[in-house]
Amino acid sequence: MTPRAEARTPPVAEVRRFGPVQRWVHRTTAALMGVCVVTAAFLYVPELAELVGRRELVVRVHEWAGLALPVPVLAGLFSRGFRADLGRLNRFGPHDRLWLRAALRRDKRRSARPAAKFNAGQKVYAAWIAGATLVMLGTGLMMWFTHLTPIRWRTGATFVHDWLALTVGVVLAGHIGMALGDPEARRGLRTGTVSREWADREHSLWRC
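A brief report on the enclosed structure follows. What you see is a predicted model, and the numbers here were worked out from it, not measured in a lab.

**Re the packing of helix H8 (residues 120-144) against helix H9 (residues 151-180)**
(1) Moving on: Across the interface, H8 lies against H9 with an axial gap of 9 Å and an inter-helix angle of 145°. H9 is crossed by H8, and the crossing has left-handed handedness.
(2) Moving on: In the contact of H8 with H9, the residues fall into 16 nonpolar, 6 polar and 1 charged.

Take a look at the structure:
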């Protein structure tokens with residue numbers, strides 16, 4: 001393309017989607033969650049466990065990564081922008097019900113899936129993963145500090161922890177798969193900005 005042609009090409013309008021704190025919280029939480037999932041796989045899958053000779057070290061890394069999992073979100077609460085995004089994630093409106101009904105019908109028309117800054121699917125995922133993290137933390141602490149609870153509680157905690165961990169792994173795989181299918185959404189989390197065309201198309205009710 002010649003310089004003259006480049007001069008005639010209008011610049012792509014961009015809008016800020018996330019600030020540095022939101023991006024830091026997402027990256028740090030994703031890293032800690034990844035450590036938890038990988039170490040859990042090495043602890044529970046025999047073929048992987050054979051590759052690691054120091055099981056005690058893997059257990060300790062898993063425990064401390066799980067204990068640190070809420071820390072990025074708690075630190076992010078000092079940011080006004082992060083708190084504002086949490087408020088948006090926690091509020092469901094009539095357009096979110098329309099989005100969910102369209103998703104259940106597999107209606108992929110953009111007009112059938114109105115969304116503000118976060119769509120209903122993202123809100124449901126955020127609520128579910130937050131609840132699952134708290135349950136995993138609670139059951140993990142019961143398994144770690146065995147002297148604090150009776151054996152019946154620890155047995156139940158182990159059952160819940162193991163099966164919920166498997167569910168979290170499946171849900172995270174779906175989350176990553178959807179992210180891989182939307183490069184613009186990934187760019188928003190990587191750089192903080194997205195194109196206005198994408199924002200208007202995917203989040204038509206977002207007043208960016």
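**A closer look at the pattern of salt bridges**
(1) Moving on: The full count for this structure, using the stated rule, is 12 salt bridges.
(2) Moving on: Linking Glu-14 and Arg-187 is a salt bridge whose minimum nitrogen-to-oxygen distance equals 3.0 Å. Residue Glu-14 is located in strand E1 (residues 14-16), and its partner Arg-187 is located in helix H10 (residues 183-191); the two are separated by 173 residues in the primary sequence.
(3) Moving on: Asp-107 is paired through a salt bridge with Arg-109; the nearest N and O atoms lie 2.7 Å apart.
(4) Moving on: On the accessibility criterion, Asp-107 (13% relative accessible area) is buried.

**Re the packing of aromatic side chains**
Aromatic ring pairs are reported here in terms of the distance separating the ring centres and the angle at which the planes meet.
(1) Moving on: In total, this model carries 4 aromatic pairs according to the counting rule given.
(2) Moving on: Between the aromatic rings of Phe-159 and Trp-163, the centroid separation amounts to 6.5 Å while the plane-to-plane angle is 50°, which identifies the pairing as tilted. With Phe-159 and Trp-163 both in helix H9, this residue pair falls 4 residues apart, about one helical turn. For the pair Phe-159 and Trp-163, one class covers both residues: exposed.
(3) Moving on: A connected cluster of aromatic rings, assembled from ring pairs, spans Trp-64, Trp-144 and Phe-145.

**Some thoughts on the side chain of His-62**
(1) Moving on: Along the chain, the position of His-62 falls in helix H4 (residues 55-68).
(2) Moving on: Classification of His-62 as buried rests on a relative accessible area of 18%.
(3) Moving on: Side-chain polar atoms of His-62 contact the backbone oxygen of Cys-36, separated by 3.2 Å.

**Focus: the nonpolar core**
(1) Moving on: By size, the foremost hydrophobic cluster in this structure holds 11 residues: Leu-32, Met-33, Cys-36, Ala-65, Leu-69, Ile-129, Ala-132, Met-136, Leu-164, Val-168 and Leu-172.
(2) Moving on: Going through the elements one at a time, helix H2 (20-44), H8 and H9 are the ones with two or more residues in this core.
(3) Moving on: Counting 5 residues, the second-largest nonpolar core is a separate cluster that includes Val-194, Trp-198, Ala-199 and Trp-206.

**Side note on the packing of H2 against H9**
(1) Moving on: The geometry of H2 relative to H9 is characterised by a closest axis approach of 11 Å and an angle of 130° between their N-to-C directions. In this view, H2 runs oblique relative to H9, as classed from their interaxial angle. When you trace H2 past H9, the crossing you get is left-handed. Contacts between H2 and H9 involve His-26, Met-33, Val-37 and Tyr-44 from the former and Asp-162, Val-168, Leu-172 and His-175 from the latter.

**Concerning the environment of Glu-14**
(1) Moving on: The exposure class of Glu-14 is partly exposed, given its relative accessible area of 44%.
(2) Moving on: Those residues within four positions of Glu-14 in sequence are excluded, and the remaining contacts are Arg-187, Thr-193, Val-194, Ser-195 and Arg-196.
(3) Moving on: A polar side-chain atom of Glu-14 sits 3.0 Å from a polar atom in the side chain of Arg-187.

So, how was this worked out
Residues numbered from 1 in each chain as written. Predicted model: local features only at pLDDT ≥ 70, side-chain atom pairs only at ≥ 80, totals over all residues. Heavy atoms only, no water. Axes fitted to C-alpha atoms, helices over the stretch in contact; angles between N-to-C directions. Helix = DSSP H or I, 4+ residues; strand = E, 2+ residues; numbered from the N terminus. Left-handed = near helix turned anticlockwise from the far one by under 90°. Nonpolar A, V, L, I, M, F, W, Y, C, P; charged D, E, K, R; others polar. Salt bridge = Lys/Arg side-chain N within 4 Å of Asp/Glu carboxyl O. Buried < 20%, exposed > 50% of the residue type's maximum accessible area, 1.4 Å probe, protein only. Phe/Tyr/Trp six-rings, centres within 6.5 Å; stacked < 30°, edge-to-face > 60°. Polar contact = N/O pair within 3.5 Å; in protein donor to acceptor, adjacent residues only side chain to side chain. Core = buried A, V, L, I, M, F, W, Y, C linked by side-chain atoms within 4.5 Å. Parallel < 35°, antiparallel > 145°, perpendicular 65-115°, else oblique. Contact = heavy atoms within 4.5 Å.

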